[in-house]
Amino acid sequence: MTTRVACLGDSLTRAQLSVDYLDLLERRRPPGDVRLTRFGTNGDFAYNLLRRLDPVAADPPDVITVLIGTNDARASLPGHPVERTMKRKHLPERPSAGWFQQCLGAVVERLRTETDATIGLLSLPVLGQELDGAPARASQAYSRMIAEVATAHDASYLPLHERQVKALRQADPPPIPYREPTPAAGLGVLLRTAVPGHSLDTVSRRRGLVLTTDHIHQNSRGAALVAEVINTWLPTRSP
């Protein structure tokens, strides 16, 4: 029996600037075991995700995974262009930890009310490559909030952040300072990967990054960890 899985999230799920974890997840399963549907929008906050759940509720899947909050965490960092982000993403209020938890809780409650799906909330990929840096600490703090929402709303918590922290500690990478990606930088990555012989992993290697291409978006190793965490959870949760 094929399990229908809806994967909700931001640019990490849309997979234009990240290696596609949905593709890697599908490869880990027997043929026909899962049918994955992508609901990822670049730059989304938990608030944005809450406002675009209609297509998910209209055709309820068996399982829903939610990977959201990276942009909420980024907005908490000093120097982030919050005002510009609010305008671009039509946010009605300034991003905050409390608002993130409120919106994510509302996402889970609507999905629980309007579907019979099993719901899994992934903690966030590590921001940056320095585990003691402010970006990594922000992704850890927001991951703790995700765990609290999962507990409060009877959803499963999928420990992606913890798995990536372990991988980074094992790799012991060089301390490359975090830099907030710009739209121009994102376009540059797309143009470079369009050249034969170049890939997101090529960009990652040239920058000395272990799990990401730009401290945020996932390379093959980072995306494989996303797929691994979901795959480990699916066998015991599938109908």
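Computed from a prediction, not measured in an experiment: that's the story for all the values here.

Calculation rules
Residues numbered from 1 in each chain as written. Predicted model: local features only at pLDDT ≥ 70, side-chain atom pairs only at ≥ 80, totals over all residues. Heavy atoms only, no water. Helix = DSSP H or I, 4+ residues; strand = E, 2+ residues; numbered from the N terminus. Rg over C-alpha atoms; globule rule 2.2 N^0.38 Å. Buried < 20%, exposed > 50% of the residue type's maximum accessible area, 1.4 Å probe, protein only. Areas by Shrake-Rupley, 256 points an atom, 1.4 Å probe, with all protein chains shown as cover. Lys, Arg positive; Asp, Glu negative; His and termini not counted. Charge placed at Lys NZ, Arg CZ, Asp CG, Glu CD. Core = buried A, V, L, I, M, F, W, Y, C linked by side-chain atoms within 4.5 Å. Contact = heavy atoms within 4.5 Å. Expected span 1.5 Å × (residues − 1). Arc of directions from axis to C-beta. Pairing = 2+ DSSP bridges. Axes fitted to C-alpha atoms, helices over the stretch in contact; angles between N-to-C directions. Left-handed = near helix turned anticlockwise from the far one by under 90°. Nonpolar A, V, L, I, M, F, W, Y, C, P; charged D, E, K, R; others polar. Phe/Tyr/Trp six-rings, centres within 6.5 Å; stacked < 30°, edge-to-face > 60°.

## Observations regarding the overall build of the chain
Phase 1: A count of helices and strands for the chain gives twelve helices and five strands.
Phase 2: Against the compact-globule benchmark of 18 Å for 239 residues, the chain has a radius of gyration of 17 Å, which places it among compact chains.
Phase 3: Judged by the C-alpha coordinates and their principal axes, the chain covers about 45 × 45 × 30 Å.
Phase 4: For the chain, buried positions account for 53% of its 239 residues.
Phase 5: When the accessible surface of the chain is summed, it comes to about 11100 Å², and 51% of that surface belongs to carbon and sulfur atoms.
Phase 6: Both charge centroids of the chain, one from 29 positive and one from 25 negative side chains, sit 6 Å from each other.

## Some details on the nonpolar core
Phase 1: One finds Leu8, Ile64, Val66, Leu104, Leu111 and Leu121 to be the most contacted residues of the largest nonpolar core, which totals 38 residues.
Phase 2: Going through the elements one at a time, strand S1 (3-9), helix H3 (46-50), strand S3 (63-67), helix H5 (70-75), helix H6 (82-88), helix H7 (97-114), strand S4 (118-122) and helix H8 (134-152) are the ones with two or more residues in this core.
Phase 3: It is H7 that contributes the most residues to this core, seven residues altogether.
Phase 4: With sequence-adjacent residues up to four places away left out, Leu121 is seen in contact with Val66, Leu104, Val108, Ile146, Val149, Ala150, Ala155, Ser156, Tyr157 and Leu158.
Phase 5: Of all hydrophobic cores here, the second largest spans 31 residues; its members include Tyr21, Leu25, Leu36 and Leu67.

## Looking at helix H9 (residues 160-171)
Phase 1: A rise of 1.5 Å per residue sets the reference length of H9, with its twelve residues, at 16 Å; its end C-alpha atoms lie 17 Å apart and thus fit the reference within 8%.
Phase 2: Among all positions of H9, only Leu160, His161, Gln164, Val165, Ala167 and Leu168 are buried. Buried residues of H9, seen end-on, are gathered within an arc of 165 degrees and therefore sit on one face of the element. Opposite the buried face of H9, by more than 90 degrees, sit the exposed residues Arg169 and Gln170.

## Concerning the side chain of Asn231
Phase 1: For Asn231, the position within the fold is in helix H12 (residues 220-237).
Phase 2: Asn231 gets classed as buried once you look at its relative accessible area, which sits at 17%.
Phase 3: When near neighbours in sequence (up to four residues on either side) are disregarded, Asn231 contacts Leu25, Arg28 and Arg29.

## Some details on the pairing of S1
Phase 1: Of all seven residues in S1, six are buried, a share of seventy percent or more.
Phase 2: By the bridge criterion, seven bridges tie S1 to strand S2 (residues 34-40) in an arrangement that is parallel. Counterpart to Arg4 in the pairing with S2 is Arg35.
Phase 3: Note: S1 against S3, five bridges, orientation parallel. Bridge assignment links Gly9 to a residue of S3, and that residue is Leu67.

## Observations regarding the packing of H7 against H8
Helix-helix packing: each pair is described by the crossing angle between the helix axes and the interaxial distance.
Phase 1: Across the interface, H7 lies against H8 with an axial gap of 10 Å and an inter-helix angle of 35 degrees. Handedness of the H7/H8 crossing: right-handed. Contacts between H7 and H8 involve Ala97, Phe100, Gln101, Leu104, Gly105 and Val108 on the former and, on the latter, Tyr142, Met145, Ile146, Glu148 and Val149.
Phase 2: Here the residues of the contact of H7 with H8 sort into eight nonpolar, two polar and one charged.

## Details of the packing of aromatic side chains
Phase 1: If you walk through the whole model with that rule in mind, you get two aromatic pairs.
Phase 2: A ring pair is formed by Phe100 and Tyr142, whose centres lie 5.2 Å apart and whose planes are at 50 degrees; its orientation type is tilted. Taken together, the residues Phe100 in helix H7 and Tyr142 in helix H8 connect sequence positions 42 residues apart.
Phase 3: Under the relative-accessibility criterion, Tyr142 is labelled buried at 6%.

## Observations regarding the sheet that holds strand S5 (residues 156-158)
Phase 1: One open sheet accounts for five strands, arranged S2-S1-S3-S4-S5; its pairing is parallel. A single partner strand is all that each edge strand has here, and the edge strands are S2 and S5. Taken over all neighbouring pairs, the strand axes of this sheet differ in orientation by 20 degrees on average, direction set aside.
Phase 2: Along the sheet face, helix H2 (residues 21-28) touches S1, S2 and S3 and points at about 170 degrees away from the line of S2.
Phase 3: Running at roughly 160 degrees to S5, H8 makes contact with S4 and S5 of the sheet.

Read these as spatial facts, not as claims about activity.
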